[in-house]
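The chain contents come next:
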Amino acid sequence: MWPDQGALDQALKQIASYPPLVFAGEARSLQAGLAQVCAGKAFLLQAGDCAESFEDFSANNIRDKLRVILQMAVVLTYSLGVPTIKVGRMAGQFAKPRSSDTEKIDNREIPSFRGHIVNDPAPTENARIPDPDRLVQAYNQSASTLNLVRAFVKGGFADLSRVHAWTQEFVGSSPEGQRYEQMATEIERALRFMRACGVDTENTATLHEADVYTSHEALLLGYEESLTRQDSLTGQWYDCSAHMLWVGERTRQLDGAHIEFLRGVGNPLGCKIGPSTSVDFVLELCQVLNPARAPGRLTLISRMGADKVETALRPLLRAVRDSGHPVVWACDPMHGNTFTSVGGRKTRHFDDIIREIAGFVNAHRLEGTWPGGIHVELTGDNVTECLGGADDLTDADLDDRYQTVCDPRLNARQGLDLAFGVAELIRSSGFA
Ligand code: PEP
Ligand code: CO
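Worth saying up front: this structure is predicted, and the values here are computed from it rather than measured. (Residues numbered from 1 in each chain as written. Chains lettered and ligands numbered in written order. Predicted model: local features only at pLDDT ≥ 70, side-chain atom pairs only at ≥ 80, totals over all residues. Heavy atoms only, no water.)

**Quick look at the coordination of the cobalt ion (ligand 2)**
Every protein donor of the cobalt ion (ligand 2) is accounted for by Cys 50 (SG), His 335 (NE2), Glu 377 (OE) and Asp 407 (OD), and the metal-donor separations fall at 2.1 to 2.4 Å. Cys 50 gets classed as buried once you look at its relative accessible area, which sits at 0%. (Donors = N, O, S within 2.8 Å, 3.2 Å for Na, K, Ca; no water. Buried < 20%, exposed > 50% of the residue type's maximum accessible area, 1.4 Å probe, protein only.)

Below, the structure written as structure tokens:
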């Protein structure tokens with residue numbers, strides 16, 4: 001893919017000499033949290049961009065995405081009564097797999113856009129030439145994104161007493177915003193009640209800080225390898241580009257390079273599971289990626305499509321359950337529900353997204369397994385990329401603020417709305 005092997009080697013060598021972005025101990029903490037999800041005692045919220053952008057890179061952008069994630073997590077935790085493990089698709093989610101190497105623009109065939117870590121989306125042949133300097137830029141952007149996320153979640157921004165402050169202006173007046181405000185007021189009252197009962201809320205760190213972990217698809221193995229380091233404590237190798245890495249639907253071959261790489265690192269791992277997935281594949285995948293059967297090591301991210309999820313998922317749930325392999329089951333309700341709008345935009349309908357989660361939850365109810373989490377593409381901005389939702393975006397609205405560099409994302413209101421919807425689906429199925 002890269003035309004200049006020498007320049008690629010140089011860039012990777014440079015990254016290999018740079019500090020790790022995350023620490024092995026943090027990856028282990030995430031795995032411990034995910035082990036709780038395996039046991040049905042926590043819920044996973046994995047969310048963020050389809051593809052991070054070199055252009056859309058600012059403190060406000062990162063802060064607003066974090067706000068929605070914190071808001072959604074509060075809704076889920078309050079409604080389900082279990083901790084929400086927060087994992088961002090951020091600080092490294094740049095590379096995109098493509099179904100086709102080229103795309104047609106105005107009757108010219110040019111190489112596909114592969115994410116800002118590889119090439120430029122401008123529709124010219126030149127812009128699409130892979131440039132290894134972008135790997136270094138992606139590392140640097142990941143480092144400063146993570147730095148800001150750490151500062152926000154440990155420095156007071158994620159303090160539960162600020163639960164009202166996470167609501168953005170354009171969300172505040174909406175029905176889902178109002179609903180959130182009501183819940184936030186109840187949480188404040190609960191905190192006051194705890195204090196009145198003599199609980200020392202001031203000195204309870206978990207009320208004032210949050211853990212937000214990072215994740216991305218481990219697609220560019222050169223980049224991932226250059227950030228793979230040996231943990232001095234355990235001697236184990238960790239991919240220190242993010243806390244959690246996942247294999248995408250297009251690269252999850254059991255004898256392929258991506259699975260081979262990931263089985264060698266100690267991080268918690270994910271694998272996308274599409275509608276063509278067989279029982280044999282899933283059982284073998286569990287064996288290859290988690291031979292020690294460590295709870296929290298493996299998350300299976302189902303992305304079947306709303307129409308197929310229930311029938312496609314149930315045999316897999318049953319087989320994994322009967323095999324005794326501990327896994328987190330998460331629902332990606334985005335990637336199986338993408339279509340092209342009348343106006344030619346790649347989009348998803350909010351109703352399909354909810355419908356897929358409903359099918360996912362129902363499949364778990366029928367098999368007696370825990371619908372452990374959701375994996376969604378969203379932004380804190382007021383974009384118009386997905387149809388429907390409480391303000392019922394239509395085809396004609398898509399052109400207003402369609403800003404994604406890859407797949408359509410939920411906006412902050414749709415994200416919040418989704419969290420309420422998910423909580424209701426899980427509770428009404430008798431889980432919480
Ligand atoms: C993605 O998560 O952006 C993606 C490309 O998903 P999948 O591999 O499931 O198609
Ligand atoms: Co995507």
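Having seen the structure, we can now continue with the description.
**Here's the deal with the packing of helix 11 (residues 350–367) against helix 12 (residues 412–428)**
Contact geometry for helix 11 and helix 12: axes closest at 10 Å, N-to-C directions at 25 degrees. Taken together, helix 11 and helix 12 sit at an angle that is classed as roughly parallel. Judged by the sense of rotation from one axis to the other, the crossing of helix 11 with helix 12 is right-handed. Mapping the contact onto sequence places Phe 350, Ile 353, Ile 354, Ile 357, Ala 358 and Val 361 in helix 11 and Gln 414, Asp 417, Leu 418, Gly 421, Val 422, Leu 425 and Ile 426 in helix 12. For the contact of helix 11 with helix 12, the per-class residue count stands at 10 nonpolar, 2 polar and 1 charged. (Axes fitted to C-alpha atoms, helices over the stretch in contact; angles between N-to-C directions. Helix = DSSP H or I, 4+ residues; strand = E, 2+ residues; numbered from the N terminus. Parallel < 35°, antiparallel > 145°, perpendicular 65-115°, else oblique. Left-handed = near helix turned anticlockwise from the far one by under 90°. Contact = heavy atoms within 4.5 Å. Nonpolar A, V, L, I, M, F, W, Y, C, P; charged D, E, K, R; others polar.)

**Examining the pairing of strand 9 (residues 269–273)**
Of all 5 residues in strand 9, 5 are buried; the element is thus mostly enclosed. Going residue by residue along strand 9, you find Leu 269, Cys 271 and Ile 273 tucked away on one face and Gly 270 and Lys 272 tucked away on the opposite face as well. Summarising the sheet, strand 8 (residues 244–247) and strand 9 pair through 3 bridges and their orientation is parallel. By the bridge assignment, Val 247 is partnered in strand 9 with Cys 271. Between the parallel elements strand 8 and strand 9, the chain passes through helix 8 (residues 257–262) in a crossover that is right-handed. Read from strand 9 through helix 9 (residues 279–289) to strand 10 (residues 298–302), the crossover connection turns out right-handed. (Pairing = 2+ DSSP bridges. Right-handed = clockwise from strand over helix to strand, strands pointing away.)

**Some details on the packing of aromatic side chains**
Overall, the coordinates contain 5 aromatic pairs when judged by the stated rule. Plain terms: the ring middles of Phe 54 and Phe 94 are 5.6 Å apart, the flat faces sit at 65 degrees to each other, and that makes the pair edge-to-face. Here the residue Phe 54 occupies a position in the loop between strand 1 (43–48) and helix 3 (59–80), and Phe 94 occupies one in the loop between strand 2 (84–89) and strand 3 (102–105), the gap between them amounting to 40 residues. By the burial criterion, Phe 54 is buried, and Phe 94 matches it. (Phe/Tyr/Trp six-rings, centres within 6.5 Å; stacked < 30°, edge-to-face > 60°.)

**Description of helix 4 (residues 133–154)**
End to end, helix 4 covers 32 Å across 22 residues, agreeing with the expected 32 Å (1.5 Å per residue, within 8%). Within the sequence span of helix 4, burial applies to Arg 134, Leu 135, Val 136, Ala 138, Tyr 139, Gln 141, Ser 142, Thr 145, Leu 146, Val 149, Phe 152 and Val 153. Contact partners of the buried residues in helix 4: helix 1 (5–17), helix 3, strand 5 (212–217) and helix 7 (221–226). One or two positions beyond helix 4, positive phi appears at Gly 156, with a value near 110 degrees. (Expected span 1.5 Å × (residues − 1).)

**Considering the nonpolar core**
Membership of the largest hydrophobic core comes to 95 residues, with the highest contact counts inside it found for Phe 43, Tyr 180, Leu 300, Trp 329, Ile 374, Leu 410 and Leu 418. With 11 residues, helix 3 is the largest single contributor of residues to this core. Apart from residues lying up to four places away in sequence, Tyr 180 is in contact with Gln 71, Val 74, Val 75, Val 163, Trp 166, Thr 167, Leu 416 and Phe 420. Listed in part, the 26 residues of the second largest apolar core include Leu 21, Phe 54, Leu 135 and Leu 219. (Core = buried A, V, L, I, M, F, W, Y, C linked by side-chain atoms within 4.5 Å.)

**Side note on the sheet that holds strand 11 (residues 328–331)**
Here we have 8 strands rolled up into a closed barrel, ordered 1-2-5-8-9-10-11-14, and parallel in their pairing. Going from strand to strand, the sheet's axes swing by 25 degrees on average, the running direction of each strand aside. Most of the contacts of helix 9 go to strand 10, to which it runs at about 150 degrees, and overall it touches strand 9 and strand 10.

**Some points on the pattern of salt bridges**
In total, this model carries 29 salt bridges according to the counting rule given. For the salt bridge of Asp 64 with Arg 67, the shortest nitrogen-to-oxygen distance reads 3.3 Å. In this pair, Asp 64 and Arg 67 are both assigned in helix 3, 3 residues apart and thus about one turn of the helix distant. Comparing Asp 64 with Arg 67, the two get one shared label, buried. (Salt bridge = Lys/Arg side-chain N within 4 Å of Asp/Glu carboxyl O.)

**A few points about the packing of helix 1 against helix 4**
With their axes 8 Å apart at the nearest point, helix 1 and helix 4 run at an angle of 20 degrees to one another. Here helix 4 runs roughly parallel to helix 1, going by the angle between their axes. The two elements helix 1 and helix 4 cross, and the hand of that crossing is right-handed. Across the interface between the two elements, Leu 8, Ala 11, Leu 12, Gln 14 and Ile 15 from helix 1 touch Leu 135, Val 136 and Tyr 139 from helix 4. Its residues placed into classes, the contact of helix 1 with helix 4 shows 7 nonpolar, 1 polar and no charged.

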